[in-house]
Amino acid sequence: MTDGMISFGAKLAQHAAERGDQPAVSCGAETLTYGELHRLSNRIARGLAARGVTAGDLVTVGLPNSVGFVAACYGIWKLGATPQPVSFRLPQGELQAIIELAKAPLVVAEFTHQVDRPVISVADLLGLATDESDVPDRVPPISKAPTSGGSTGRPKLILAGQPGLTLKDYPEVPFYRIRPGETMLLPAPLYHNAPFTLTMSGTQVGAHVVLTPRFDAEGTLAEVQARKVTWLYLVPTMMTRIWRLPEAVRTGYDISSVKVLWHMAAPCPAWRKEAF
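Okay, so let's go over this structure. (Residues numbered from 1 in each chain as written. Predicted model: local features only at pLDDT ≥ 70, side-chain atom pairs only at ≥ 80, totals over all residues. Heavy atoms only, no water.)

1. Description of the packing of aromatic side chains
Here is the rule: Centres within 6.5 Å make a pair out of two Phe, Tyr or Trp rings, where for Trp the six-membered ring is used; the pair is then stacked when the planes are under 30 degrees apart, edge-to-face when over 60, and tilted otherwise. Segments assigned H or I by DSSP are reported as helices when at least four residues long, segments assigned E as strands when at least two residues long, and all are numbered from the N terminus. With a 1.4 Å probe rolled over the protein chains alone, any residue whose accessible area is under 20% of its type maximum counts as buried; one over 50% counts as exposed, and the rest are partly exposed. Any Lys NZ or Arg CZ that is within 6 Å of a ring centre and within 35 degrees of that ring's normal is treated as a charge sitting over the ring.
Applying the stated criterion across every chain, the model contains 8 aromatic pairs. A ring pair is formed by F69 and F196, whose centres lie 6.4 Å apart and whose planes are at 65°; its orientation type is edge-to-face. Taken together, the positions of F69 in helix 3 (residues 67–78) and F196 in helix 6 (residues 193–205) put the pair 127 residues apart, joining distant regions of the chain. There is no split in this pair, since F69 and F196 are both buried. The interplanar angle of 80° and the centroid separation of 5.1 Å between the aromatic rings of Y74 and W77 together place this pair among those described as edge-to-face. Residue Y74 and its partner W77 are located together in helix 3, separated by 3 residues, close to a single helical turn. Note on Y74: relative accessible area 1%, which makes it buried. Through successive ring pairs, a cluster of aromatic residues spans F8, F69, Y74, W77 and F196. In this structure, R250 packs its charged tip against the face of W243, placed 4.2 Å from the ring centre.

Here's what the structure looks like:
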């Protein structure tokens, strides 16, 4: 293992020991602290192992935004396997093709589709194991495996060129300008690469990641105000929909807590209310 680097699972264990009561991820009314996320992902790892998942596997994850999505990914990483996120809205044929390409032993989802792999929910995985203690430390050889958009045919798997390692001492994520204690809002689906990467970077640095079940223009402003969001991810379509809200609605929320707006690959440290 590279000096100064530890596995994603070991990093979560470190956060659980140092900031266990602090919020790690929220979605809607649900919040998991770092301690809870660590313990639940240990149970999920054991549940996955009981269903045959081993180190090096790609495990397809087809869940909507939720705290369970994040817990499932950490459970997968703790086994030395790789999360392979897909849209939970995929048509059956496209989903089956991706699962076959990934050689996934199972799918973590709540699909009604009939596919040729076992489909299991996060709740069912948790039901397979009650042991919350630490699992043996493993490093996934591939950190993530999202899919391409499929505009040139069947979606292709994009295997990350890095293993599931992060810095043991992680004071911030400089490129994304994420620091411990930030409250991050990501109102975008985690099956897309950027929200997925940013969510996992946030939890690895010790931020509070806030997800939304779906994007809602006014709801995003309401979340910023209610949670005093300091770091916000938006794409142009989202900005446009917010801008098209009635002026009284747009200006009716206090968004002065936001210090960083991340749009695609362009950080904006001086985002202001007037931007909308």
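2. Details of the layout of surface pockets
The method is simple in principle: a probe with the dimensions of a water molecule rolls over the atoms, and the space it marks as empty is what remains. For clarity, the cut-off: With a 1 Å grid laid over protein atoms only, a set of points is called a cavity when a 1.4 Å probe fits there but cannot get out and a pocket when it is open yet has protein on both sides within 12 Å along at least five of seven lines; lining residues have an atom within 4 Å of a point. Grid points are joined across faces, edges and corners, and a volume is the space filled by probe spheres set on the points. Each residue receives one of three labels: charged for Asp, Glu, Lys and Arg, nonpolar for Ala, Val, Leu, Ile, Met, Phe, Trp, Tyr, Cys and Pro, and polar for the others, Gly being one of them.
The calculated volume of the largest pocket comes to roughly 320 Å³. Lining the largest pocket are 16 residues, with F8, S143, P163, L165 and Q204 sitting closest to its centre. Mapped onto the lining of the largest pocket, the elements with two or more residues apiece are strand 8 (165–167) and helix 6. In terms of residue count, the dominant contributor to the lining of the largest pocket is helix 6 (5 residues). When its residues are assigned to classes, the lining of the largest pocket shows 9 nonpolar, 6 polar and 1 charged.

3. Some words on helix 3
Convention followed: Expected span of a helix, by definition, is 1.5 Å for each gap between consecutive residues, and there is one gap fewer than residues.
A rise of 1.5 Å per residue sets the reference length of helix 3, with its 12 residues, at 16 Å; its end C-alpha atoms lie 17 Å apart and thus fit the reference within 8%. Counting buried residues along helix 3, 12 of its 12 residues qualify, which places the element largely inside the surrounding structure. Turning to helix 3, its buried residues number three or more, namely V67, G68, F69, V70, A71, A72, C73, Y74, G75, I76, W77 and K78.

4. Remarks on the sheet that holds strand 6 (residues 107–109)
Spelled out, the test is: Only strands that DSSP links by at least two bridges are regarded as paired with each other. Residue contacts follow a heavy-atom distance rule, with two residues in contact if any of their heavy atoms lie within 4.5 Å. Fitting a line to C-alpha atoms yields each axis, with helices limited to the stretch in contact; the angle taken between N-to-C directions then spans 0 to 180 degrees.
Across the sheet, which stays open at both edges, the 4 strands sit in the order 5-4-6-7 with parallel pairing between neighbours. The open sheet has two edge strands, strand 5 (82–85) and strand 7 (119–120), and neither has a second partner. Here 2 bridges tie strand 6 to strand 7, and the two strands are oriented parallel to one another. The partner of V108 across the bridge, within strand 7, is I120. Packing against the sheet, helix 4 (residues 92–102) makes contact with strand 4 (58–62), strand 5 and strand 6, and its axis sits at approximately 160° to strand 4.

5. A word on the pairing of strand 5
As a general feature of sheets, a regular strand has side chains that alternate between the two faces. Neither face of strand 5 is open: one carries T82 and Q84, the other P83 and P85, and all of them are buried. Pairing analysis gives 4 bridges linking strand 4 to strand 5, with the strands arranged parallel. Across the sheet, the residue bridging to T60 is Q84, located in strand 5.

The values are spatial; any link to function lies outside them.
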